[in-house]
There are 2 protein chains.
Amino acid sequence: MNRNRPTMLDVAKESGTSLKTVSRVVNGESGVNPELVTKVERAVKKLHYRHNLTAGSLRRLGGRTKTIGLLLENVSNPFSAALHRTVEDCARARGIEVMTGSLDGDSARERELINGFIARRVDGLIVVPSSDDHKYLVNERRAGTQFVFIDRPALNFNSDAVTATNSEGVEEAVTSLISLGHKRIAFLGDFEGIFTAKERHNGYRKALRSSKIPVDKELEKLGFHNESEIEAFLIDLLSRQNRPTAIFTAQNVITLVAIRVLRSKNLHHKIALIGFDELPLADLLDPAISLVTQDIHAMGSIAAQLLFDRIDGVKSGYEERVVPTTFTQRASGLIKA
Amino acid sequence: MNRNRPTMLDVAKESGTSLKTVSRVVNGESGVNPELVTKVERAVKKLHYRHNLTAGSLRRLGGRTKTIGLLLENVSNPFSAALHRTVEDCARARGIEVMTGSLDGDSARERELINGFIARRVDGLIVVPSSDDHKYLVNERRAGTQFVFIDRPALNFNSDAVTATNSEGVEEAVTSLISLGHKRIAFLGDFEGIFTAKERHNGYRKALRSSKIPVDKELEKLGFHNESEIEAFLIDLLSRQNRPTAIFTAQNVITLVAIRVLRSKNLHHKIALIGFDELPLADLLDPAISLVTQDIHAMGSIAAQLLFDRIDGVKSGYEERVVPTTFTQRASGLIKA
DNA sequence: GTGAAAGCGCTAACAT
DNA sequence: ATGTTAGCGCTTTCAC
């Protein structure tokens, strides 16, 4: 029972001061007689008093709870986890705690979790969205909850957002493949409904167009429901007569499966491979894997800063900040056509 | 400003009912006239009412906030992240949200974060501890906050805990090396002050003892301050005349460095290696890496269940649950002496 | 500089 | 079955 916790009134009685003085001391307000401060602090220690921030937020102007929500694709995937850590560090510097949740691409879960966080009155939310319509947030923002989107922008909802140069990053990587003589380059990505997936596909198409290589739809596939679908597509792809000489995998799980399939067919030294997203140990594989990666630290810090500014009342127009990707060339991307 | 959010009183007025009826409907209590339910629900929708759980917890018996805290080593490391996901899933099933924080092995941070979470009145905490004295939690538990420890038990604080068979897991792996003829087996682990590090070292020593292999302190090192120290020790170790024929690395970062160093010396096919902790892509390296791993899902679920039971008022004696590790033998562990 | 009183949004206890 | 009132622990407002 939290009921047995002492309150400010208990501390006031114990220290022979008033409730308000205790409040001032606990909140570190200036202008309190040092003697009283000592008395209060002694009583706090003696009674093991713990400030109740949630009660305070009820009456506090603006009702701030110094808690934010962070909605990720899945807290256990490396991209989400790294983003989480960055946001946590930014929040810690300001005495803000972070509540997290995984959406798994489910738009219903997005709404549920946002409702759950709002019921706990978070001051704002950083969201890697899973839904394709964020109109429903208009009322929440009007009521005082701030939102910043990350990785993908909001849809039907004008807001701050931080994204990466998905298209340009892929374009650079695919162009490098073309310059090595590749003309048949496969592209495996997520469903086009996902913003990042579409952007990455656009980058691939642009690179082909610039080099006047016609699109071969047989070499493209967007959207897989699970790993075995990826595997099946790749096995089919590689068994064709006119199989590709290079593969671009636009997401880390797809890259992982591609590595395994290429190995199992003993083609990992014959067919070039470049993937999108960080992959632990990618540099230790044989061949080492070329990757296009996002600057997660920059993305997370910018998103956190944007959110904190909004919570602090900044009213300027909504910003969309774009963070450059990095192309790390390794052996798998240098295999010639 | 959260101030503009409508309250139950606004909903009551809009629906022509009373505050208490609104409360009943919002909380899904039975025994309310369906007509009134409809009226209230209509008003809730119209006004975009959002229940304020934090206000409710103030008055609610037991003061539950339906929020728990999860303190991890570092939310972005794979072990922590996987644990986080498991706990999140267990919590979600009960409508509980999770606040998280990274301790980085810092005991001051542990206290700070616990204080921050208690200030927000979490119902309980699941802790991978970083401090070596948890006496200070006695008062918190007395005041109604529940604690479950995971990965390492609490010190000077009697509580529920979930750990893995660290010692037995290592013993099994090292014994397998011995049975392949290895007698000079190096052991690299974390500082002995860390529970898991000590346990893993114990397992190593037990395996040697059972086979009557004398301990060679030159082959052991416990505690590194950073990756370059690990690297330096390994480089020295491998350049000795009587270098080890096998290495056991008792933690994932150490295993990673060992993989890199063995490769750089071209010894990865000559010296056996077994590591502790999961390593993504370990099966795709050449040689594939043998690992002793923890059942993170089981550990997380058990910890969550223990915590929820305590929150629900279970008063039985504190339990220490031990979850078996798994030894996955791959090529790196099968290299002979 | 300090304190008393009101009230934040809700639930509990008690009417009706 | 529904409503009224008090009060959770705190911050605000305002008086001293």
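Just above, that's the structure.
Because the structure is a prediction, the values reported are computed rather than measured.

Some remarks on the interface of chain B and chain A
Okay, step 1: Contacts between chain B and chain A engage 66 residues on the former and 66 residues on the latter.
Okay, step 2: Overall, the association of chain B and chain A removes approximately 5800 Å² of surface from exposure, summing both partners, and the carbon and sulfur fraction of that is 48%.
Okay, step 3: When the buried surface of chain B facing chain A is broken down by residue, B:R120, B:R121 and B:L284 rank first, second and third, together holding 13% of it.
Okay, step 4: Taken together, the connections running from chain B to chain A amount to 8 salt bridges.
Okay, step 5: Here A:D283 makes a salt bridge to B:R260, at a shortest N to O gap of 2.5 Å.
Okay, step 6: Elements represented by at least two residues in the side of chain B that touches chain A include exactly helix 4 (53-59), helix 5 (78-92), strand 2 (97-102), helix 6 (107-119), helix 7 (138-142) and helix 11 (252-264) of chain B.
Okay, step 7: Considering each element in turn, the side of chain B that touches chain A owes the most residues, 7 residues, to helix 6 of chain B.
Okay, step 8: The class makeup of the residues in the side of chain B that touches chain A is 23 nonpolar, 23 polar and 20 charged.

What about the environment of B:L47?
All names here are of chain B.
Okay, step 1: Relative to the helices and strands, L47 is located in helix 3 (residues 34-47).
Okay, step 2: As a C-alpha pair, L47 and R263 span 216 residues in sequence and 65 Å in three-dimensional space.
Okay, step 3: Excluding its chain neighbours within four sequence positions, the residues that come into contact with L47 are P6, D10, V11 and E14.

Regarding the packing of aromatic side chains
Okay, step 1: In the structure shown here, the tally under the stated rule is 10 aromatic pairs over all chains.
Okay, step 2: Judged by centre distance (6.0 Å) and plane angle (5°), the rings of A:F187 and A:F248 are stacked. Of this pair, A:F187 sits in strand 6 (residues 185-189) while A:F248 sits in strand 8 (residues 246-249); the two residues are 61 residues apart in sequence, bridging distant segments of the chain. We note that A:F187, like A:F248, is buried.
Okay, step 3: Centroid distance B:F187 to B:Y204: 4.8 Å. Interplanar angle 35°. Geometry classified as tilted. One end of the pair, B:F187, is in strand 6 (residues 185-189); the other, B:Y204, is in helix 9 (residues 195-210), and 17 residues separate them in sequence. Of the two residues examined, B:F187 and B:Y204, each falls in the buried class.
Okay, step 4: In this structure an aromatic cluster arises from ring pairing among A:F147, A:F149 and A:F157.
Okay, step 5: Sitting above the plane of the A:Y136 ring, A:R111 keeps its charged end 4.0 Å from the centroid.

Some points on the protein's contact with DNA strand C
Okay, step 1: Looking at DNA strand C, there are 25 residues lining it, with A:T21, A:R24, A:N33, B:M8 and B:Y49 nearest.
Okay, step 2: When the atoms of DNA strand C within 4 Å of the protein are sorted by group, sugar and phosphate make up 64%.
Okay, step 3: One of the side-chain N or O atoms of B:S23 is found 2.8 Å from a phosphate oxygen in DNA strand C.
Okay, step 4: Elements with a minimum of two residues in the surface near DNA strand C: helix 2 (19-26) and helix 4 (53-59) of chain A together with helix 2 (19-26) and helix 4 of chain B.
Okay, step 5: Considering every element that reaches the surface near DNA strand C, the biggest residue donor is helix 4 of chain B, with 4 residues.
Okay, step 6: Residue composition of the surface near DNA strand C, grouped by class: 9 nonpolar, 10 polar and 6 charged.

Side note on the protein's contact with DNA strand D
Okay, step 1: Taken together, 26 residues lie around DNA strand D, and A:M8, A:K20, A:Y49, B:T21 and B:N33 are the ones closest in.
Okay, step 2: Sugar plus phosphate: this is where 63% of the atoms of DNA strand D within 4 Å of the protein reside.
Okay, step 3: A distance of 2.8 Å is found between a phosphate oxygen of DNA strand D and a side-chain nitrogen or oxygen belonging to A:S23.
Okay, step 4: A distance of 3.1 Å is found between a phosphate oxygen of DNA strand D and a backbone nitrogen or oxygen belonging to A:N52.
Okay, step 5: Listed by contribution, the elements that provide at least two residues to the surface near DNA strand D are helix 2 and helix 4 of chain A together with helix 2 and helix 4 of chain B.
Okay, step 6: Counting residues per element, the surface near DNA strand D draws most heavily on helix 4 of chain A, at 4 residues.
Okay, step 7: Here the residues of the surface near DNA strand D sort into 9 nonpolar, 11 polar and 6 charged.

Quick look at the environment of A:I247
All names here are of chain A.
Okay, step 1: Along the chain, I247 turns up in strand 8.
Okay, step 2: Judged by its relative accessible area of 0%, I247 falls in the buried class.
Okay, step 3: Considering only alpha carbons, one finds I247 and D312, 65 residues apart in sequence, at a separation of 46 Å.
Okay, step 4: The contacts of I247, once residues within four sequence positions are left out, are A186, L188, L234, L238, L262, I271, A272, L273 and I274.

Focus on the nonpolar core
Okay, step 1: Of all hydrophobic cores here, the largest spans 52 residues; its most connected members are A:L188, A:L234, A:I247, B:L188, B:L234 and B:I247.
Okay, step 2: Within the residue set of this core, elements represented by two or more residues are strand 6, helix 10 (227-239) and helix 11 (252-264) of chain A together with strand 6, helix 10 (227-239) and helix 11 of chain B.
Okay, step 3: Counting 34 residues, the second largest nonpolar core, distinct from the first, contains A:I114, A:V122, B:I114 and B:A154.

Concerning empty space enclosed by the protein
Residues and elements named next belong to chain A.
Okay, step 1: Tallied over the full model, the rule gives 3 cavities of 30 Å³ or more.
Okay, step 2: Considered as a void within the structure, the largest cavity measures approximately 150 Å³ in volume.
Okay, step 3: For the lining of the largest cavity, the element with the highest residue contribution is helix 4, accounting for 3 residues.
Okay, step 4: Estimates place the volume of the second largest cavity at around 80 Å³.
Okay, step 5: Lining the second largest cavity are I259, L262, R263, H268, I271, L273, L285, D286, P287, I289, S332 and I335.
Okay, step 6: Residue contributions to the lining of the second largest cavity peak at 3 residues, all from helix 11.
Okay, step 7: When grouped by side-chain class, the residues that make up the lining of the second largest cavity number 8 nonpolar, 2 polar and 2 charged.

Some thoughts on the pattern of salt bridges
Okay, step 1: Applying the stated criterion across every chain, the model contains 36 salt bridges over all chains.
Okay, step 2: A:K198 is the partner of A:E192 in a salt bridge, and the nearest nitrogen-oxygen pair spans 3.6 Å.
Okay, step 3: For A:E192, a relative accessible area of 38% gives the class partly exposed.
Okay, step 4: Residue A:K198 is classed as partly exposed on the basis of its relative accessible area of 39%.
Okay, step 5: Across the pair B:D133 and B:K135 runs a salt bridge whose closest N-O atoms are separated by 3.3 Å.
Okay, step 6: Note on B:D133: relative accessible area 28%, which makes it partly exposed.
Okay, step 7: Each of A:R85, A:D89, B:D104 and B:R109 takes part in salt bridges that share partners, so that together they form one network.

Describing the packing of helix 10 of chain B against helix 11 of chain B
Residues and elements named next belong to chain B.
Okay, step 1: Orientation of helix 10 relative to helix 11, taken along the N-to-C sense of each, is 45°, at an axis distance of 9 Å. Classified by the angle between their axes, helix 10 and helix 11 sit oblique to one another. Once helix 10 is placed against helix 11, the crossing between them reads as right-handed. Contacts from E227, I230, E231, L234, I235 and L238 of helix 10 reach helix 11 at V253, I254, V257, A258, V261 and L262.
Okay, step 2: When the residues that make up the contact of helix 10 with helix 11 are grouped by side-chain class, the tally is 10 nonpolar, no polar and 2 charged.

Scoring rules and cut-offs
Residues numbered from 1 in each chain as written. Chains lettered and ligands numbered in written order. Predicted model: local features only at pLDDT ≥ 70, side-chain atom pairs only at ≥ 80, totals over all residues. Heavy atoms only, no water. Contact = heavy atoms within 4.5 Å. Buried area = accessible area lost by both parts, 1.4 Å probe. Salt bridge = Lys/Arg side-chain N within 4 Å of Asp/Glu carboxyl O. Helix = DSSP H or I, 4+ residues; strand = E, 2+ residues; numbered from the N terminus. Nonpolar A, V, L, I, M, F, W, Y, C, P; charged D, E, K, R; others polar. Phe/Tyr/Trp six-rings, centres within 6.5 Å; stacked < 30°, edge-to-face > 60°. Buried < 20%, exposed > 50% of the residue type's maximum accessible area, 1.4 Å probe, protein only. Lys NZ or Arg CZ within 6 Å of the ring centre and 35° of its normal. Near = heavy atom within 4 Å. Polar contact = N/O pair within 3.5 Å; in protein donor to acceptor, adjacent residues only side chain to side chain. Core = buried A, V, L, I, M, F, W, Y, C linked by side-chain atoms within 4.5 Å. 1 Å grid on protein atoms, 1.4 Å probe; cavity = no way out; pocket = protein on both sides within 12 Å on 5 of 7 lines; lining within 4 Å. Points joined across faces, edges and corners; volume = space filled by probe spheres on them. Axes fitted to C-alpha atoms, helices over the stretch in contact; angles between N-to-C directions. Parallel < 35°, antiparallel > 145°, perpendicular 65-115°, else oblique. Left-handed = near helix turned anticlockwise from the far one by under 90°.

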